[in-house]
Amino acid sequence: MAQDQLADFRAEVREWLAANFPASLNGRGMAIMDAAFSDGAMQDEAAQWRARLAERGYGAPTWPKEYGGAGLTHPEARVLGDEMAKVGAFNPIPMLAGMGVTMVGPTVLEYGTEEQKRRHLPGIASGEVRWCLGLSEPNAGSDLASLTTRAVDDGDSWRVNGQKVWTSGADRSQWCGALVRTDPDAKKRDGISFLMVKMDQPGIRARPIPLIAGASPFCETFFDDARAEKDDLLGPLNEGWSVVKRLLQHERQSQTSAGGPASGPTVTIQEMARKYVGTNERGELGDADLRTRLAKHLMDAAAHGLTGERITAEARGKVEVSAAASILKNSATVVAQTRAELTLEMMGHQGLGWEGDGFTSGELAAVRGWLSGKAMSIYGGSFEVQKNIISKNILGLPETTQKG
Amino acid sequence: MAALTQEQTLIREQAKSWMTEQYPVRKFREMRDSGNPLGFSQDTWQGMIDMGWSGILVPEQYGGSGLGYQTFGLVLEETGRQLTASPLFASAYAGATALLVSGSDQQKQDHLPHIVDGSHIMTLAIDEGPRHAPLQTALRAERKGAGFVLNGTKTFVHEGLAATHLIVAARTSGSVGDDHGLTMLIVRADSDGIARNRLSTADSRGYANIGFDHVEVPADAALGEIDAGYASMDAILDRCRAGIAAEMLGTASQAFDMTLEYLKTRVQFGQVIGSFQALGHRAADLFSAMELSRSCMEAALQAIDGDADNIAELCSLSKARTGEFLHEMSNQLIQVHGGIGMTDEFDAGFYLKRARVLETAFGNQAFHRDRYATLLGF
Ligand SMILES: Cc1cc2nc3c(=O)[nH]c(=O)nc-3n(C[C@H](O)[C@H](O)[C@H](O)COP(=O)(O)OP(=O)(O)OC[C@H]3O[C@@H](n4cnc5c(N)ncnc54)[C@H](O)[C@@H]3O)c2cc1C
């Protein structure tokens, strides 16, 4: 991509943002999204902002225009992100669409029929249709291929029976991408298909499960003679395993960043440390042990960031999902979880609040973030599963044959 | 690997094949077993000079190729892999850097062409105690006429026996611990009053403790500013940190490759040991640490070539992160090899011993974590 072309694009984006981003929303991304999640909708100017983004295709900017995207190249999309961050703007659509923008959409783009793309993608790209993913089951977690939820072809439609668990957003979604067993006699991975199921029907019940961080972002989802259209199978029959492998690569890629959604000017962790811990006459943190660990953490974070940049630079031009995703996912997890632990530690008693008076909103958010962040090493292929992937797929080490 | 130019790719390939075919670890073993007091063999060094590597940092006007720090890093990675012993780092990297950062035109003219052709071996003499602490410099240089008289001691000077010239950090005013009052001086290693004592070290390379007893140098010995030499000294040291990190990553990468190979071939309990998950996960951790360190190492060298404004930060990051990885990798190299790893006949011990020397040089991991914290304002 020629640099001046990018510069033209940057100018175009700036102009568009100046005309369309409501200044009153500046830096309020997180708060607005939180409110949208509890009320179920965005209000006033935030709703207007969503509509403008959607109209322009900027909700899922790299998707083709005919499916609701803006057809941007990746460098252009980065420019868009940079320019939005500069004016304190945010893109609410990926969050509103649940698993739609990050995972389901890219997989539909790859495996869907033309008709499926036209039917499903625009709703995701505009943030109006939310998707959940029904993969995990009570007895199929890391060993996902042992899932038992059944789908039977009864002539006009698919009939689905079974139970999913940890289904994020199932109680607020209109659609579910479900992994179902379509051939119980085939080998574990061969009899699975990927089915798109409408959530609003009598055969589906989603029961929220409260989590340690307080909220209930995920559910147990019961399928009791639920129905799915015949042409809502994504990819070929009984080849759902390849579809989901691809989908999980998209998930891993979307989780390789250690930072959260931008929400205006943030305090660096070192500034926070100076404030809570205090400094000695040399200007160093009063707690020498914490100081060393904080330095080590910031080095880890820098190494993670530089590795992301290096891998992007090396992969430039190639569309293939990098084998490095597992390395980056684990290092993002370590950086984020360590950061949360250090934050709590430096806050001392102030980092132990649950709600109410006596704590600032930042302190309370730190506690909730620390708890919800523990999930990072569990979902999207656990920390240990990523290491299995690195040792087997990248390093070529064999699997054990040892029994027991 | 960041995108390399064609020339860089060529140099890396040449270095790799030269090092592995002509100067593999076996050569280092022969050198050690011969009891060579210099810690390198002359023909290895001459071979490197012939390859043009002693001129990588030196601008063309002084007889070098001026290809820069990233390019030199590629060669250092390969010397690190095969533990190739020579004054390449001490003289053509560190010595040349000192002249490039602080040298007058005359000093560059006097020395750089000789660094390139190998007739001068120039080395830094900074540390005076067991740990890297440039501000603790106590060696005194007092004015005498237009020149200086030096008294004090330098320790663990790289290639201290082979060196023809020492680049000495001296205190011309102030007291130990002050950043003001430091001056760098170029001192001929055969000057009257210099006593060089060879150190026999775990890594079998060439180091010396050097005593200065009323050593007189002329006025033009001063390299850079008098009394205000600390900033450029730190800049020189940063470039050394970034360079030695490249060598360290090479050493650690070779240790990784040896370990991975063994994981795939050693059979116990009827299967290769790499199939045990505990070892598979360890390999995954080490591989990840290697990739993360590489990013830091490359970023630091790139920042130097690009004259970025965060060189100090990146050099501490690079030295600390590659140090951590090399430390762990060199231990795991022994552990994963079991008993054979403990034998002198196998090369693992060479890597372990070399690792600690490299970690200690120019500030260990703790030094750079402390420095990083200070640079980031806490
Ligand atoms: C916040 C959150 C949101 C989620 N959202 C969704 C969702 O929207 N849709 C969905 O389908 N699922 C979702 N999940 C589920 C998630 O994918 C599973 O939790 C994950 O796959 C792990 O499965 P499990 O919980 O059954 O743990 P298990 O697989 O039982 O793992 C237990 C422990 O054993 C370890 N382990 C397992 N196998 C191995 C092995 N081979 N080698 C070494 N160690 C191993 C694991 O690392 C872990 O430490 C979500 C989970 C969380 C926490």
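Rules and cut-offs
- Residues numbered from 1 in each chain as written.
- Chains lettered and ligands numbered in written order.
- Predicted model: local features only at pLDDT ≥ 70, side-chain atom pairs only at ≥ 80, totals over all residues.
- Heavy atoms only, no water.
- Helix = DSSP H or I, 4+ residues; strand = E, 2+ residues; numbered from the N terminus.
- Rg over C-alpha atoms; globule rule 2.2 N^0.38 Å.
- Buried < 20%, exposed > 50% of the residue type's maximum accessible area, 1.4 Å probe, protein only.
- Contact = heavy atoms within 4.5 Å.
- Areas by Shrake-Rupley, 256 points an atom, 1.4 Å probe, with all protein chains shown as cover.
- Lys, Arg positive; Asp, Glu negative; His and termini not counted.
- Charge placed at Lys NZ, Arg CZ, Asp CG, Glu CD.
- Axes fitted to C-alpha atoms, helices over the stretch in contact; angles between N-to-C directions.
- Parallel < 35°, antiparallel > 145°, perpendicular 65-115°, else oblique.
- Nonpolar A, V, L, I, M, F, W, Y, C, P; charged D, E, K, R; others polar.
- Pairing = 2+ DSSP bridges.
- Near = heavy atom within 4 Å.
- Polar contact = N/O pair within 3.5 Å; in protein donor to acceptor, adjacent residues only side chain to side chain.
- Core = buried A, V, L, I, M, F, W, Y, C linked by side-chain atoms within 4.5 Å.
- Salt bridge = Lys/Arg side-chain N within 4 Å of Asp/Glu carboxyl O.

Details of the overall build of chain A
Consideration 1: In terms of helices and strands, chain A carries 13 helices and eight strands.
Consideration 2: The C-alpha radius of gyration of chain A comes to 23 Å, within 12% of the 22 Å expected for a compact globule of 404 residues.
Consideration 3: Each of the three principal axes of chain A carries a C-alpha extent, and together these read 80 × 60 × 45 Å.
Consideration 4: Expressed as a percentage of the 404 residues in chain A, the buried residues total 46%.
Consideration 5: Taking the contacts inside chain A whose residues are at least 6 apart along the sequence as the reference set, 70% of them involve residues at least 24 apart.
Consideration 6: For chain A, the computed accessible surface area is about 19700 Å², with 52% contributed by carbon and sulfur atoms.
Consideration 7: Seen as two clouds, the 45 positive and the 51 negative side-chain charges of chain A have centres 4 Å apart.

Examining the packing of helix α13 (residues 383–394) of chain A against helix α8 (residues 277–305) of chain B
Consideration 1: Between α13(A) and α8(B), the least distance of the axes is 8 Å, while the angle of their chain directions is 85°. Here α8(B) runs roughly perpendicular to α13(A), going by the angle between their axes. Where α13(A) abuts α8(B), its residues Glu384(A), Lys387(A), Asn388(A), Ile390(A), Ser391(A) and Ile394(A) lie against Gln277(B), Gly280(B), His281(B), Ala284(B), Asp285(B), Phe287(B) and Ser288(B).
Consideration 2: When the residues that make up the contact of α13(A) with α8(B) are grouped by side-chain class, the tally is four nonpolar, six polar and three charged.

Concerning the pairing of strand β7 (residues 218–229) of chain A
All names here are of chain A.
Consideration 1: Two elements, strand β3 (residues 157–168) and β7, share nine bridges in a ladder whose sense is antiparallel. Across the sheet, residue Ser168 finds its bridge partner in β7, namely Phe218.
Consideration 2: Where strand β6 (residues 204–209) and β7 come together, six bridges link them in antiparallel fashion. Bridge pairing links Pro208 to Cys219 in β7.

With respect to the site of the ligand
Consideration 1: Around the ligand, the structure places 17 residues, and the nearest of them are Ser136(A), Ser142(A), Trp166(A), Ser382(A) and Glu384(A).
Consideration 2: Of the chains in the model, those with residues near the ligand are chains A and B.
Consideration 3: In this structure, Ser136(A) approaches the ligand through a main-chain N or O atom, which is 2.7 Å from an oxygen atom.
Consideration 4: Interatomic distance of 2.7 Å between a side-chain N/O atom of Glu384(A) and an oxygen atom of the ligand.
Consideration 5: Considered on its own, the ligand offers 970 Å² of accessible surface; in the complex 65% of this is hidden by protein.
Consideration 6: If you tally residues by element for the shell around the ligand, the top one is β3(A), at three residues.
Consideration 7: Looking at the shell around the ligand residue by residue, the classes come out as eight nonpolar, eight polar and one charged.

Considering the nonpolar core
Consideration 1: Trp53(B), Leu124(B), Leu150(B) and Phe212(B) are the most contacted members of the largest nonpolar core, which has 145 residues in total.
Consideration 2: Non-local contacts of Phe212(B), meaning those with residues more than four positions away in its chain, are made with Leu139(B), Leu150(B), Asn151(B), Gly152(B), Lys154(B), Leu166(B), Val168(B), Val187(B), Gly193(B) and Ile194(B).
Consideration 3: In terms of nonpolar packing, the next biggest core, distinct from the first, is built from 55 residues, Trp16(A), Ala60(A), Trp63(A) and Leu133(A) among them.

Re the pattern of salt bridges
Residue and element names in this part refer to chain B.
Consideration 1: For the coordinates displayed, the defined rule picks out 51 salt bridges over all chains.
Consideration 2: We note a salt bridge from Arg32 to Asp33, for which the minimum N-O separation is 3.0 Å.
Consideration 3: Residue classification places Arg32 among the partly exposed positions, given a relative accessible area of 22%.
Consideration 4: Note that Lys144 and Glu216 form a salt bridge whose closest N and O atoms lie 2.7 Å from each other. Remark: Glu216 occurs in strand β7 (residues 207–217) and Lys144 occurs in strand β2 (residues 140–144); sequence separation between them is 72 residues.
Consideration 5: Judged by its relative accessible area of 46%, Lys144 is partly exposed.
Consideration 6: Taking the relative accessible area as the measure of exposure, Glu216 reaches 48% and is therefore partly exposed.

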